Amino acid sequence: MRNHARKQHLLAVILGGALLAGLVVPAASIGSGSQGQSLPTKIGKPEGKLTLVAWEGYTEKQWVAPFEKKTGCKVQPKYAGSSDEMVTLMRQGGGGQYDMVSASGDASLRLIYGGDVQPVNVNLIPDWKNFIEPLKSPPHNTIKGVHYGISLQWGPNTLLYRTDKAKPAPTSWGALYDPKYKGRITIPDNPIQIADAALYLMKTKPALGIKDPYELTPPQFEAVTPLLKEQRRLIKKHWVFASDEIELFKRGDVWLGASWPYQTNTLQDAKVPVKDLIPKEGATGWADTWMLSSKAKHPNCAYLWMQWISTPKVQAQQAVFFGETPANKLACKYMDQIAKGSCAKYHANAPLSYFKTIKFWKTPVADCGFGGRKDCVPYSRWVQAWQEIKG
């Protein structure tokens, strides 16, 4: 009952009072427990085009070009700098401008309950059966057995630093709040960054009673936001795109930053003296899903893309390039063929216990379930607070 009530509350929050009758996805299909007869049972003739909203680094030539050659589907990506931007782009012009989106967990449920994406038939994705168990039907893309996309990659948010400037080498997220680095710090321009501060306080101030960095009661939230307001005075720049942060580190403008492994790999390839780590407090992270627009104009190319991007070799290519972990457990050997030791480096062969240590992005809601509470701070307040923090 609690889970059902939580989903109903989440639906109300995300739709912001929109009429249920206005959903493109039929209400009966959301959490109905069946895939529905409207799902395709085979892939038709490719339409010759595929429009994607994606994270930077998710549509690289090494795996896109072979896909285009094999299928005839010309890929046209649009990079987004945040989950909020992804949601906006998928709703732009009434939807239908983009066929798919590589949504993270803090966007996927908003897209599902907003009617922006449609259920998919995972039986048309042969490699879905080779995914690790937690990513076959995760709660951020599967509602009562109905799949609204297929999992892609996952990984932690990391602390990136210049080895020639940040000394001694940091071991804690506390480095991002240290006044000695004033003007040399960068973090993402994203309200979900509040969760990183909450995670830090969860470990360093246990008296606050934070159990989940996305499920904050009002007093906990009010303890987190001042930390970020103090940090604002130390920030050189909030980055939107990964390339923004890369340039800041290349120029030496910043020495420390909240980052992704992709930036580390790119900077190290450019011989910039950087390293990254998961600090002692742990890390937040992402688990991404390729989702199909409810108004997709090129659904056959979209299904072919889901097939292609799920294969172990392609998953390995993206994992090594971006510095993340593939959903397909068969990708490990291909990763080591591309870059020796990369399977272990990115934890593709790690036990599921490692997966569970990362606090994956999710949409904060009022009915958080923490101790039966229903007054946790919802995402709308996170967005408002983030604007106040940036000042």
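Structure's up top.
Residues numbered from 1 in each chain as written. Predicted model: local features only at pLDDT ≥ 70, side-chain atom pairs only at ≥ 80, totals over all residues. Heavy atoms only, no water.

**Student:** Explain the overall build of the chain here, please?
**Tutor:** A count of helices and strands for the chain gives 14 helices and 15 strands. Whereas a compact globule of 391 residues would reach a radius of gyration of roughly 21 Å, the chain reaches 21 Å, a difference of no more than 12%. Expressed as lengths along the three principal axes of its C-alpha atoms, the size of the chain is roughly 60 × 50 × 40 Å. The contacts in the chain between residues at least 6 apart in sequence include a share of 75% that link residues at least 24 apart. Of the roughly 16,400 Å² of accessible surface on the chain, a fraction of 54% belongs to carbon and sulfur atoms. Looking at the chain, you have 49 positive and 32 negative side-chain charges, and the mean spots of the two groups are 2 Å apart. (Helix = DSSP H or I, 4+ residues; strand = E, 2+ residues; numbered from the N terminus. Rg over C-alpha atoms; globule rule 2.2 N^0.38 Å. Contact = heavy atoms within 4.5 Å. Areas by Shrake-Rupley, 256 points an atom, 1.4 Å probe, with all protein chains shown as cover. Lys, Arg positive; Asp, Glu negative; His and termini not counted. Charge placed at Lys NZ, Arg CZ, Asp CG, Glu CD.)

**Student:** What am I meant to see in the pairing of strand E9 (residues 185-188) here?
**Tutor:** On any regular strand, side chains alternate: one points to one face of the sheet, the next to the other face. Where E9 and strand E10 (residues 235-239) come together, 4 bridges link them in parallel fashion. From the neighbouring strand, Pro-188 faces E10, where its bridge partner is Trp-239. Inspection of the sheet shows E9 paired to strand E11 (residues 256-259) by 2 bridges, in the parallel sense. Bridge pairing links Thr-186 to Gly-257 in E11. (Pairing = 2+ DSSP bridges.)

**Student:** How should I be thinking about empty space enclosed by the protein in this particular structure?
**Tutor:** Summary: where empty space remains is shown by rolling a probe the size of a single water molecule over the atoms. Using the criterion set out here, one finds 3 cavities of 30 Å³ or more in the structure. Taken as a whole, the largest cavity encloses approximately 130 Å³ of empty space. Pro-188, Asn-190, Gln-193, Trp-260 and Trp-361 are the residues nearest the centre of the largest cavity, which is lined by 17 residues in total. Of the residues in the lining of the largest cavity, the class split is 8 nonpolar, 7 polar and 2 charged. (1 Å grid on protein atoms, 1.4 Å probe; cavity = no way out; pocket = protein on both sides within 12 Å on 5 of 7 lines; lining within 4 Å. Points joined across faces, edges and corners; volume = space filled by probe spheres on them. Nonpolar A, V, L, I, M, F, W, Y, C, P; charged D, E, K, R; others polar.)

**Student:** What should I look at first to understand the environment of Gly-81 in this one?
**Tutor:** For Gly-81, the location among the structural elements is in the loop between strand E2 (74-79) and helix H3 (83-91). A sequence separation of 285 residues divides Gly-81 from Ala-366, and the C-alpha atoms of the two residues are 26 Å apart. Not counting residues within four places of it along the chain, the set of residues in contact with Gly-81 comprises Trp-55, Val-240 and Phe-241.

**Student:** Help me out: how do you make sense of the nonpolar core in this one?
**Tutor:** The nonpolar side chains of a soluble globular protein tend to be buried, and buried together. Ranked by internal contacts, the top residues of the largest apolar core, which has 111 residues, are Ile-150, Trp-305 and Trp-382. By size, the runner-up hydrophobic cluster in this structure holds 6 residues, among which are Ala-319, Val-320, Met-335 and Tyr-346. (Core = buried A, V, L, I, M, F, W, Y, C linked by side-chain atoms within 4.5 Å. Buried < 20%, exposed > 50% of the residue type's maximum accessible area, 1.4 Å probe, protein only.)

**Student:** What am I meant to see in the environment of Lys-275 here?
**Tutor:** For Lys-275, the position within the fold is in strand E12 (residues 274-277). Note on Lys-275: relative accessible area 48%, which makes it partly exposed. Residues Lys-275 and Thr-163, spaced 112 residues apart in sequence, show a C-alpha to C-alpha distance of 6.6 Å. The contact partners of Lys-275, leaving out residues within four places of it in the chain, are Leu-159, Leu-160, Tyr-161, Thr-163 and Gln-268.

**Student:** Please clarify how the packing of aromatic side chains should be interpreted in this entry.
**Tutor:** Both the distance between ring centres and the angle between the ring planes are used here to describe each pair of aromatic rings. Using the criterion set out here, one finds 19 aromatic pairs in the structure. Between Phe-67 and Trp-305 the ring centres are 5.0 Å apart and the planes differ by 80°, which places this aromatic pair in the edge-to-face class. In this pair, Phe-67 sits in helix H2 (residues 61-71) while Trp-305 sits in helix H9 (residues 299-310), placing the two residues 238 residues apart along the sequence. The exposure class assigned to Phe-67 is buried, which follows from its relative accessible area of 0%. On the basis of relative accessibility, which here comes to 0%, the residue Trp-305 falls in the buried class. For the ring pair Trp-290 and Trp-305, a centre distance of 5.8 Å and an interplane angle of 90° mean the geometry is edge-to-face. Remark: Trp-305 occurs in helix H9 and Trp-290 occurs in strand E13 (residues 284-293); sequence separation between them is 15 residues. (Phe/Tyr/Trp six-rings, centres within 6.5 Å; stacked < 30°, edge-to-face > 60°.)

**Student:** Can you walk me through the sheet that holds E11 in this structure?
**Tutor:** Adjacent strands of a sheet pair through backbone hydrogen bonds, lying either parallel or antiparallel. Read across the open sheet, the 5 strands follow the order E10-E9-E11-E8-E12; overall the sheet is mixed. Looking at strand neighbours, the two that pair on one side only are E10 and E12, the edges of this open sheet. Ignoring strand direction, the axes of neighbouring strands in this sheet form an average angle of 20°. As paired strands, strand E8 (residues 158-162) and E12 are joined by 4 bridges and run antiparallel to one another. Among the inter-strand pairings, Leu-159 is bridged to a residue of E12, identified as Leu-277. On the sheet, helix H8 (residues 261-269) packs against E8, E10, E11 and E12 and is oriented at approximately 160° with respect to E12. (Axes fitted to C-alpha atoms, helices over the stretch in contact; angles between N-to-C directions.)

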